[in-house]
Amino acid sequence: MIGSLPKELEVNGKKWAIRSDFRDVLNILVAMDDVDLKEDEKWMIALSILYLEFSDMNPSDYEEAIEKAMWFLSMGEQRTQDIKDIRIYDWQKDEQMIFSAVNKVSGTEVRSVDYMHFWTFMGYFNEVGEGLLSMVAGIRMKKAKGKSLEPYEKEFYKENKDIVDIKKRSKEELEEIERINKILG
């Protein structure tokens, strides 16, 4: 339904309540970015955070549960790009920049609200304009695509490499992501 915010996902004909608050979902995204975890570990963490009664779910439903989780994480959109595509945000590393930018857009300190649906949070996030976060993301994107930086971007990067650079995904991660992408078509 237009304008509705899902708080449950249907897996194998059964509706499962989910944790839809942005804080829970950001914890999932942090786990998914953790280079020290194997892909199956990441998905077990993600599913156990997202689905309130995950321990009651039949393991044969995990694949569909992942598909539905990916739908939810992409805010109800069909993915048009692979997960492994260019990574310009690191939810843990960029935490302060992200919250500062989202707070500016939302007009409030979002961490202080009792509940905010992940899709609402991401709506604010997607409206972030000019600022530190957009500068860092822009430089990351250009570097990942092998594009030249403008002189002011080169200077910023030289002075702020620790802010701009993020860890690369491991070979194992990329292979598992490719496997999941093939499953999802």
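You'll find the structure just up there.
Here's a quick rundown of the structure. (Residues numbered from 1 in each chain as written. Predicted model: local features only at pLDDT ≥ 70, side-chain atom pairs only at ≥ 80, totals over all residues. Heavy atoms only, no water.)

## Quick look at the overall build of the protein chain
Inference 1: Counting its secondary structure elements, the protein chain contains nine helices and two strands.
Inference 2: Its helices and strands in sequence order give the protein chain the pattern β-β-α-α-α-α-α-α-α-α-α, from N to C terminus.
Inference 3: For the protein chain, the proportion of contacts with a sequence separation of at least 24, taken over those separated by at least 6, is 65%.
Inference 4: Carbon and sulfur atoms make up 49% of the accessible area of the protein chain, which totals about 11,100 Å². (Helix = DSSP H or I, 4+ residues; strand = E, 2+ residues; numbered from the N terminus. Contact = heavy atoms within 4.5 Å. Areas by Shrake-Rupley, 256 points an atom, 1.4 Å probe, with all protein chains shown as cover.)

## Points about the nonpolar core
Inference 1: Ranked by internal contacts, the top residues of the largest apolar core, which has 46 residues, are Tyr51, Phe72, Phe118 and Phe121.
Inference 2: Element by element, the count of residues in this core is highest for helix 3 (residues 62–73), at seven residues.
Inference 3: If sequence neighbours within four positions are ignored, phenylalanine 72 has contacts with Pro6, Leu9, Ile18, Ser20, Val25, Leu50, His117, Phe118 and Trp119. (Core = buried A, V, L, I, M, F, W, Y, C linked by side-chain atoms within 4.5 Å. Buried < 20%, exposed > 50% of the residue type's maximum accessible area, 1.4 Å probe, protein only.)

## Section: the pairing of strand 1 (residues 8–11)
Inference 1: Of the two faces of strand 1, the one lined by Leu9 and Val11 is fully buried and the one lined by Glu8 and Glu10 carries no buried residue.
Inference 2: With four bridges connecting them, strand 1 and strand 2 (residues 14–17) associate as antiparallel partners. By the bridge assignment, leucine 9 is partnered in strand 2 with tryptophan 16. (Pairing = 2+ DSSP bridges.)

## Thoughts on the side chain of histidine 117
Inference 1: Along the chain, histidine 117 turns up in the loop between helix 4 (95–106) and helix 5 (118–126).
Inference 2: With a relative accessible area of 3%, histidine 117 lands in the buried category.
Inference 3: At 2.7 Å, the side chain of histidine 117 forms a polar contact with the backbone oxygen of proline 6.
Inference 4: A distance of 3.0 Å separates a polar atom in the side chain of histidine 117 from the backbone nitrogen of tryptophan 119.
Inference 5: When near neighbours in sequence (up to four residues on either side) are disregarded, histidine 117 contacts Leu5, Pro6, Lys7, Ser20, Phe22 and Phe72. (Polar contact = N/O pair within 3.5 Å; in protein donor to acceptor, adjacent residues only side chain to side chain.)

## Here we look at the packing of helix 4 against helix 6 (residues 132–144)
Inference 1: Remark: helix 4 packs on helix 6, axes separated minimally by 8 Å, with the N-to-C direction vectors making an angle of 125 degrees. Our classification of the angle between helix 4 and helix 6 gives oblique. Residues Met97, Ile98 and Ala101 of helix 4 touch helix 6, and the partners they reach there are Leu132, Leu133 and Val136.
Inference 2: Looking at side-chain class alone, the contact of helix 4 with helix 6 contains six nonpolar, no polar and no charged residues. (Axes fitted to C-alpha atoms, helices over the stretch in contact; angles between N-to-C directions. Parallel < 35°, antiparallel > 145°, perpendicular 65-115°, else oblique. Nonpolar A, V, L, I, M, F, W, Y, C, P; charged D, E, K, R; others polar.)

## Brief notes about the side chain of aspartate 90
Inference 1: Summarising the element assignment, aspartate 90 is placed in the loop between helix 3 and helix 4.
Inference 2: Within the structure, aspartate 90 has its side chain in polar contact with the backbone nitrogen of lysine 93 (distance 2.8 Å).
Inference 3: Sequence-distant contacts of aspartate 90, defined by excluding residues within four places in its chain, comprise Asp33, Glu95, Arg140 and Ile166.

## Examining the packing of aromatic side chains
Inference 1: Evaluated as defined, the whole model comprises 10 aromatic pairs.
Inference 2: Considering the side-chain rings of phenylalanine 22 and phenylalanine 121, the 4.7 Å spacing of their centres and the 5 degrees angle between planes classify their relative orientation as stacked. Of the two residues, phenylalanine 22 is situated in helix 1 (residues 22–33) and phenylalanine 121 in helix 5; the sequence distance between them amounts to 99 residues.
Inference 3: For phenylalanine 121, a relative accessible area of 0% corresponds to the buried category.
Inference 4: Each member of the aromatic cluster is reached from another via a ring pair, and the members are Trp71, Phe72, Phe118 and Trp119.
Inference 5: Here the basic side chain of lysine 14 rests over the ring of tryptophan 16, its NZ or CZ set 4.1 Å away from the ring centre. (Phe/Tyr/Trp six-rings, centres within 6.5 Å; stacked < 30°, edge-to-face > 60°. Lys NZ or Arg CZ within 6 Å of the ring centre and 35° of its normal.)

## Digging into the pattern of salt bridges
Inference 1: Per the stated rule, a full pass over the model turns up seven salt bridges.
Inference 2: Between arginine 23 and aspartate 21 there is a salt bridge, with the nearest N and O atoms lying 2.8 Å from each other.
Inference 3: The closest approach of N and O atoms between glutamate 153 and lysine 142, which form a salt bridge, is 2.9 Å. With a gap of 11 residues between them, glutamate 153 in helix 7 (residues 151–159) and lysine 142 in helix 6 connect regions that are remote in the sequence.
Inference 4: With relative accessibility at 6%, the residue glutamate 153 sits in the buried group.
Inference 5: Overall, lysine 142 belongs to the partly exposed group, its relative accessible area being 22%. (Salt bridge = Lys/Arg side-chain N within 4 Å of Asp/Glu carboxyl O.)

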